[in-house]
Structure formats: C-alpha cells, structure tokens
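Results of the structural survey
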Amino acid sequence: MSAAMDTESTYSGYSHYSGHSKKAHRQGRDRHKSPRSKDGTRSEKSVTIQTPPAEPLLGNDASQAEEGQDDNWGETTTAITGTSEHSISQEDIARISKDLEDSVGLDCKRYLGLTVAAVLGLLVFLTPIAFILLPQILWRDDLEPCGTVCEGLFISVAFKLLILLIGTWALFFRQPKADIPRVFVFRALLLVLIFLFVFSYWLFYGVRILDTKDTNYQGIVQYAVSLVDALLFIHYLAIVLLELRQLQPMFTVKVVRSTDGESRYYSLGHLSIQRAALVVLENYYKDFEVYNPALLTASKSRAAKHMAGLKVYNVDGPGNNASGQSRAMIAAAAHRRDSSHNELYYEEADHERRVKKRRARLVVAVEEAFTHIKRLQAEEQQKAPGEMMDPREAAQAIFPSMARALQKYLRTTRQQQYHSMESILQHLSFCITNNMTPKAFLERYLNPGPTLQYDRDRWFSKQWTLISEEAVTSGLQDGIVFVLKCLDFSLVVNVKKIPFIKLSEEFIDPKSHKFVLRLQSETSV
C-alpha cells in the first residue's frame, strides 16, 4: 500500500508542477495554446463517439511545444492537462450517420449470408438420412429385406457423413476476420452448386422412388451413398477454389502509406481485389510502424513559419495596378529567405542530439530501477512466504525512479499518446514476472512498433474504405492500382505481375577441369 501511495504522489508530482506563480501559469497555458491556433493539423475529422480511453502518460499538446524547451523544462514549466476539444461540422455528422447506416447494412448482409449457409448445410446433411428413412416410414411392409451388403452401406454412409461434417466445420465454420463490401464469388458459386445438386437429387428421388414406392431398399440406400460421395467431391472442389488456388504467388504488390511514404512489398496469388485488400490490411497491422501524426506537425509548422516571414507592400497605392511588381517582390523576398534547408539540417541535428541524450538518461534510469528490483527480490527471499511482494507492487515501487526520464523521452520522440501510465505499469510488471532484462523492457519505447503492439484505443485506423476503378470482385491484374482509405491517411496499392522466368542449363564437361603440370628438370643456380 505504501508503494502505491509513493507512486501516485510521484506521478502526480511530475504531471502537475505546483509552487508556481499565476503569471507562469498563464504563460505556460498560452504557450500550449498558441501552436493549436496556428497549426491546423489537429484532426477535425477525428470525432470520438465512445467513452474516452485511459488518460495517456503525457498530454498531446506538449509535443507541439517541445521545440522551445530545454533540458530543465520540468523545473520552470507549468503543465496543464485536460480533455482535447474537437469541432464537428455538418460533413462530420453526415459521415457519422452514413457510417452507422453502412454498418447496419453490413451486419444484415453478414447475418443473412450466415443464415442461408446454415440452412443449406443443414439440408445437405439431413438429405441422405431422409432418403434412407422415408421408405421405412411410408411403405415399410412392401420393402425387400436388407441384406449384408445393404447393412454395410449404412456404415459407409455414417462414416462419410462424419468425415464431411468435420471437413465442413474446418473449412467453413470460422470466425470472420472482416466485412467485405461484395460477396465472395467462389463461395457463392459453391452454395449455388450445392443447392442445385441437392435439388436435383430430391427431384429424382420424388419422381422415381416416392411416386412409384420402389421396393428395392438396397438400391435406395445405394442412391443415398452416391449423394454423400458427390458431396465429398464438392467439398474437395471447395478446398481447391478457396484455399489451394491462392497459394502460388503470381503478383507482387507495393503498399505505400500516403502520409510518410513508408512502403512494403508482398507476394499474392490469384485473389480478387477485395480479398487482396484484406491480405494487405492484415500485413499492415503487423509490418508497418504505427501511424504517428505528431511526427508530421514539425514540417508543417516549419513551412507555416517560413511563409509567415514574407511581407508584401503595395508601394503604388491601392488604386494602381502593380501585380507584376508584387510578384517580383515576392520572388525576391523568397529568394533572400531561402534558407529552409539550413534550418532543416540544424533542427534535425538538434533533435537527434536531444533524443540521444534523453535516451541515455532513460537507459541509465531503467537499469538502476531493475538493479533495485533485484535487491528487493533478494530481500524478499529471506522473508516469510506471506510477505512476498507482488509484481504489480514491485512495478509501482520502481516506476517513480524512471518515470521522469521516460516522460521526457516519450515527449521528445512524440510517442506520448500511445502509452498511458497504466499500460507502462502493466508492461513493467510483465517484465518483472518473466524475469526480463532492462533492454527487453525498453524495446517497446525505444523503437516504434507495429500497430498491433498498442491498444485499440490508440489506433488511428479502424474502418477502411476500398477505392478501385475495377470491380472489387474481379481478379488481380498487372498494373491495377487501388486505395485503402481510412480517416487520417490511405494505403496506395500498386499491383505488378511476377515476370515469367526462363531458366536454361549449361553443361560443363568434367574433363575440362583437368590439366597437366610439367616441371623442368633443370633449375637455375
């Protein structure tokens, strides 16, 4: 309990710095507000309609004021925290209502498809059993006796139906990974084929067996066996179309994120555009670094600062036409102030220096904290079993010693919105439980990880829109380009066909490697 109280007091100490004057309080608040008014990069489209997530470790506004801070900013700055404000326009409201309508439509379509597939599957499994039982119920006294061969067919039907049931469960009864905009063509084709096949068998059964009340019971059972055999072949066809056809790589796709240009290459087989989009998104969440819009604000603010430095004067008065002179003055001013490359160079160098410095402080602080944990573990082993410290309590005990260094590093690298205090404590207790090293603990924070590494509340991409000039049910072709668009960015996918490779063989005669070494008998003295 005391460790938890120490943690809360320390964390609140570096989140709300007390003992400052009202003037410093107003200056800190103005400094935090001014970038928000100038920089319009705060996402107006991002409208949260759910309960706010856990409060992050650091405020998002602090990243925008980071450029003007020194290493001792914690002692001279008042931190103001609060909920962020979002503006909602008519377009946002219309988009939200449209998204809700689309989600309702997708749910209805998905449940309708599942219902049709379930009813058809139930009909398929009950049909062979009905073929065998109906004659026994309707004209049992007129049937010929079932011999040994007929009874053996019962066992065949039972085991084949069991195999078909297991195969159908393994192939079709899976948790859906996504909602696609159009139907899966091969799956719909298989459902239609199965329906026509079962309907044809029922039609023949009703005309030739039910109407005539056929007494050859062994032939009726053999007819049911032929139906089960045909269903097994259809299941094999489903495996080929749904699983095996796409395994051989035929295309190479290049995926580029529109905001920062990060790209990856993937190999795909024969897939439709919508299924290829699903494969791309599955790989995006595990291969691409998490999207961080805070990293893009530096370049935009630098461009805005550069444009704000240009001043244009109309020396001829408002009544004269001096547009040509104004353009010449703008060009001259831009030429004189064209030193943005130098600013960029020095800004990046200063940022790298600051990151390295705070990274070193963080590494040292974490190593010291883990060393303290080892001492605590050695002391706890000498105590009674009931007095052992829980990993959560140990994490809360050492967290204050590293919290300040971690806070500064996350602000400098603009990762503070992805890590809350609770998530850091959970990760720290996990590392303590599994006896992990300080380097293993820092791996999550020193290098930005993929999207799947973070909580879903921190994701900027949850709902996607597929934009394609071709029909999304058509197959991939060479040169096709489609876009996967979410709220803040998009993924541009370019499809290229793997070229045909002609490989030839060249035979080398083993005798060509042999040679004769002739030595002279006379040597020079």
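The model shown is predicted, which means the values in this text are computed figures rather than measured ones.

Calculation rules
Residues numbered from 1 in each chain as written. Predicted model: local features only at pLDDT ≥ 70, side-chain atom pairs only at ≥ 80, totals over all residues. Heavy atoms only, no water. Helix = DSSP H or I, 4+ residues; strand = E, 2+ residues; numbered from the N terminus. Contact = heavy atoms within 4.5 Å. Areas by Shrake-Rupley, 256 points an atom, 1.4 Å probe, with all protein chains shown as cover. UniProt positions renumbered as here; feature names shortened; annotations may be inferred. Core = buried A, V, L, I, M, F, W, Y, C linked by side-chain atoms within 4.5 Å. Buried < 20%, exposed > 50% of the residue type's maximum accessible area, 1.4 Å probe, protein only. Axes fitted to C-alpha atoms, helices over the stretch in contact; angles between N-to-C directions. Parallel < 35°, antiparallel > 145°, perpendicular 65-115°, else oblique. Nonpolar A, V, L, I, M, F, W, Y, C, P; charged D, E, K, R; others polar. Disulfide = S-S within 2.5 Å. Pairing = 2+ DSSP bridges. Salt bridge = Lys/Arg side-chain N within 4 Å of Asp/Glu carboxyl O. Left-handed = near helix turned anticlockwise from the far one by under 90°. Expected span 1.5 Å × (residues − 1). Patch = residues over 30% accessible without salt bridge, like charges linked within 9 Å, V, L, I, M, F, W, Y side chains within 5 Å.

Along its length, the protein chain carries 14 helices and five strands. The long-range share in the protein chain, meaning contacts at least 24 apart out of those at least 6 apart in sequence, stands at 78%. Counting only carbon and sulfur atoms, one obtains 58% of the accessible surface of the protein chain, whose full area is about 34,100 Å².

In this numbering, the UniProt entry assigns the feature "transmembrane region" (unreviewed entry) to residues 111-133, 153-172, 184-204 and 224-244. Spanning residues 111-133, this segment combines 100% helix with 0% strand, and its end C-alpha atoms are found 32 Å apart.

If you look at the biggest cluster of nonpolar residues, it comprises 28 residues, and the most contacted ones within it are Leu 362, Phe 399, Met 402, Leu 428 and Phe 441. The set of elements that each furnish at least two residues to this core consists of helix H11 (340-381), helix H12 (391-412), helix H13 (421-433) and helix H14 (438-446). Formed by 27 residues, the second largest nonpolar core is a distinct cluster that contains Val 124, Val 225, Leu 227 and Ile 234.

Quick look at the packing of H12 against H14 now. Remark: H12 packs on H14, axes separated minimally by 11 Å, with the N-to-C direction vectors making an angle of 30 degrees. Our classification of the angle between H12 and H14 gives roughly parallel. Each of Met 402, Leu 406, Tyr 409 and Leu 410 in H12 lies in contact with H14, whose residues at this interface are Phe 441, Tyr 445 and Leu 446. By residue class, the composition of the contact of H12 with H14 is seven nonpolar, no polar and no charged.

A covalent bond between the sulfur atoms of two cysteines is referred to as a disulfide. For the structure shown, the criterion picks out one disulfide. Here Cys 146 connects covalently by a disulfide to Cys 150, the sulfurs 2.0 Å from one another. The S-S bond linking Cys 146 to Cys 150 shows a torsion near -115 degrees; that makes this disulfide left-handed.

Taken together, five strands build an open sheet; the order of strands is E2-E1-E5-E4-E3 and the sheet is antiparallel. Either end of the sheet is taken by a strand with one partner, and the two such strands are strand E2 (263-268) and strand E3 (465-468). Each adjacent strand pair in this sheet contributes to an overall mean axis angle of 25 degrees, direction not counted.

Bringing the pattern of salt bridges into the picture now. Side-chain pairs of opposite charge can arise where the charged atoms are in close proximity. Tallying each qualifying case throughout the model produces nine salt bridges. With its nearest N and O atoms 3.0 Å apart, the salt bridge here joins Arg 264 to Glu 262. By relative accessible area, which is 27% here, Arg 264 ends up partly exposed. The shortest N-O distance in the salt bridge between Arg 392 and Glu 422 comes to 3.1 Å. Taken together, the positions of Arg 392 in helix H12 and Glu 422 in helix H13 put the pair 30 residues apart, joining distant regions of the chain.

Let's shift gears to unusual backbone geometry. Positive phi values are uncommon outside glycine, yet Lys 213 reaches one of about 50 degrees. For Lys 213, a relative accessible area of 48% gives the class partly exposed. One non-glycine residue, Arg 414, adopts positive backbone phi at about 60 degrees. Mapped onto the secondary structure, Arg 414 falls in the loop between H12 and H13.

Turning our eyes to something else, we now look at the packing of helix H5 (residues 148-172) against helix H7 (residues 217-244). Relative orientation of the contacting elements H5 and H7 amounts to 20 degrees, with a least axis distance of 10 Å. When the axis of H5 is compared with that of H7, the two are roughly parallel. In this structure, H5 crosses over H7, and the sense of that crossing is left-handed. Among the residues making up the contact of H5 with H7, the classes are represented as 19 nonpolar, six polar and three charged.

Our next topic: H13. Counted at 1.5 Å a residue, the expected span for H13 with its 13 residues is 18 Å, and the 18 Å between its end C-alpha atoms agrees. Of the residues making up H13, those classed as buried are Met 421, Ser 423, Ile 424, Leu 425, His 427, Leu 428, Ser 429, Cys 431 and Ile 432. Immediately beyond the C-terminal end of H13, within one or two residues, lies Asn 435, with a positive phi of roughly 55 degrees.

What follows covers the pairing of strand E4 (residues 481-485). Residues Phe 482 and Leu 484 line the buried face of E4, whereas the alternating positions Val 481, Val 483 and Lys 485 sit on a face that is not buried. Both E3 and E4 contribute to a ladder of four bridges, which runs antiparallel. Along E4, the bridge assignment pairs Ile 467 with Val 483.

Here the focus is a nonpolar patch on the surface. The grouping of Phe 154, Ile 155, Phe 159, Leu 162, Leu 165, Ile 166, Trp 169 and Phe 173 at the surface amounts to a nonpolar patch, some 890 Å² of accessible area in total. Here Leu 165 lies in helix H5.

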